[in-house]
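The chain contents come next:
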Amino acid sequence: MHNREYTVFLRPHVGGLMLHTMYYEEEVRKVEGFGAPEVELKEAEVKVGAPVDRGLATDWEPEKISR
């Protein structure tokens, strides 16, 4: 990071601040095969998973986040 300007953002973190460096697309190396796999779900799998997903969904309550 010597002699260059960088775009960063600050955010609160455990009684202090955390700095995140932002990168442009051309600065990030592409990794072959990284990311979500290409899969097709069967209808039966969706029927079984959907009620579980809905049962776990809740409204976001930031005051419940442990620090």
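In this report, we go over the structure that sits alongside the text. Given the structure is predicted, the values throughout are model-derived calculations rather than measurements.

When helices and strands are counted, the protein shows 1 helix and 2 strands. The N-to-C order of helical and strand elements in the protein reads β-β-α. Taken over the C-alpha atoms alone, the protein extends approximately 55 × 40 × 15 Å along its principal axes. Expressed as a percentage of its 67 residues, the buried residues of the protein come to 0%. Here the protein contributes 9 positive and 13 negative side-chain charges, whose respective centroids are spaced 5 Å apart.

Moving on, we get to unusual backbone geometry. Located in the positive-phi region is Val14, a residue other than glycine, with phi close to 40°. Locating Val14 in the fold gives a position in the loop between strand 1 (8-13) and strand 2 (16-21).

Taking 1.5 Å per residue, 14 residues should reach 20 Å; helix 1 (residues 43-56) reaches 20 Å between its end C-alpha atoms and fits that length. Along its length, helix 1 shows its largest kink, about 30°, at Gly49, and proline Pro51 lies within four residues downstream of that point. Judged by how many residues are buried, helix 1 sits mostly at the surface: 0 of 14 residues are covered.

A few words on the pattern of salt bridges. Counted by the stated rule, this structure contains 3 salt bridges. Among the ionic pairs, Lys30 bridges to Glu25, the shortest N-O distance being 3.4 Å. One exposure class covers both Lys30 and Glu25, and it is exposed. Residue Lys47 is joined to Glu43 by a salt bridge in which the shortest nitrogen-to-oxygen separation is 3.6 Å. With a gap of 4 residues between them, Lys47 and Glu43 both fall in helix 1, about one helical turn apart. Glu43 sits in the exposed class, given a relative accessible area of 58%.

The rules behind the values
- Residues numbered from 1 in each chain as written.
- Predicted model: local features only at pLDDT ≥ 70, side-chain atom pairs only at ≥ 80, totals over all residues.
- Heavy atoms only, no water.
- Helix = DSSP H or I, 4+ residues; strand = E, 2+ residues; numbered from the N terminus.
- Buried < 20%, exposed > 50% of the residue type's maximum accessible area, 1.4 Å probe, protein only.
- Lys, Arg positive; Asp, Glu negative; His and termini not counted.
- Charge placed at Lys NZ, Arg CZ, Asp CG, Glu CD.
- Expected span 1.5 Å × (residues − 1).
- Bend = angle between axes of the 7 residues up to and from the residue.
- Salt bridge = Lys/Arg side-chain N within 4 Å of Asp/Glu carboxyl O.

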